[in-house]
Amino acid sequence: GEQDQDRSPFQSRVQAMGSPHWRDNTSESFVAHRSSTLESNNNNEESRNEVDPIWEYFGDEGWEPYEPQDQSKIESVYQDYTSNNAVTSALYITTSQWMYHIDVETMEQRNAEHPDSTVRRIRRSL
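The notes below deal with the structure included here. Within any chain, residue numbers begin from 1 and follow the written order of that chain's sequence. Residues qualify for local features only when their pLDDT is at least 70, as the model is predicted, and side-chain atom pairs are given and counted only at 80 or more; totals for whole chains, interfaces and linings, by contrast, use all residues. Excluding hydrogens and water, the side-chain figures rest on all heavy atoms present in the structure.

### Comments concerning the environment of phenylalanine 58
- The numbering of helices and of strands both runs from the N terminus, where a helix is a DSSP run of H or I of at least 4 residues and a strand a run of E of at least 2. You can see phenylalanine 58 is positioned in strand S3 (residues 54-59).
- A contact between two residues is defined here by any heavy atoms of the two lying within 4.5 Å. Once residues within four sequence positions are removed from consideration, phenylalanine 58 is found in contact with Trp63, Arg120 and Arg121.

Structure follows, in structure tokens:
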């Protein structure tokens, strides 16, 4: 079929599946992880605490975290985009049921496969 520019930057689903942003073939269950590390700077000043960001979407039950393998993918695109090194502000992730288009510029998730193209808000929490 013809490419729908509003739904996908890919020419076809086959091309999208070949994308490096395609889903990992893991079936890990999500366990919230917020790791903090202490880092000392070269001047031996007070250390600071760093927390990994958590990416969430606003689902039917409120804010819900993305799967661990998707957290790092979304954060990578976000870091590239905010440092002006990005080609795009978006990526595709999949779950066991759907493929989603995630855009860190608009902070939205769009269901790329559902007939209604459901859009939900996303957020990055520290």
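### Topic: the nonpolar core
- Counting 10 residues, the largest nonpolar core consists of Trp55, Tyr66, Ile74, Val77, Leu91, Ile93, Tyr100, Ile102, Val104 and Ile122.
- Contributions of two or more residues to this core are made by helix H2 (68-82), strand S5 (90-94) and strand S6 (99-103). As used here, the term nonpolar core means buried Ala, Val, Leu, Ile, Met, Phe, Trp, Tyr and Cys residues forming a set that is joined through side-chain atoms within 4.5 Å. Think of it in three bands: residues with accessible area under 20% of the maximum for their type are buried, residues over 50% are exposed, and the middle band is partly exposed, with areas taken using a 1.4 Å probe on protein chains only.

### Describing the pattern of salt bridges
- One speaks of a salt bridge when a side-chain nitrogen belonging to Lys or Arg is within 4 Å of a carboxyl oxygen belonging to Asp or Glu. Enumeration according to the criterion identifies three salt bridges in this entry.
- With a shortest N-O distance of 2.7 Å, glutamate 56 and arginine 123 are connected by a salt bridge. Pair noted here: glutamate 56 is in strand S3 and arginine 123 is in strand S8 (residues 119-125), with a separation of 67 residues, a long-range link.
- For arginine 123, a relative accessible area of 32% gives the class partly exposed.
- The partner of arginine 124 in a salt bridge is glutamate 75, with the nearest N and O atoms 2.9 Å apart. Placement of arginine 124 in strand S8 and of glutamate 75 in helix H2 is noted, with a sequence separation of 49 residues between them.
- According to the relative accessible area criterion, arginine 124 is partly exposed, its value standing at 27%.
- Judged by relative accessible area, which is 14%, glutamate 75 ranks as buried.

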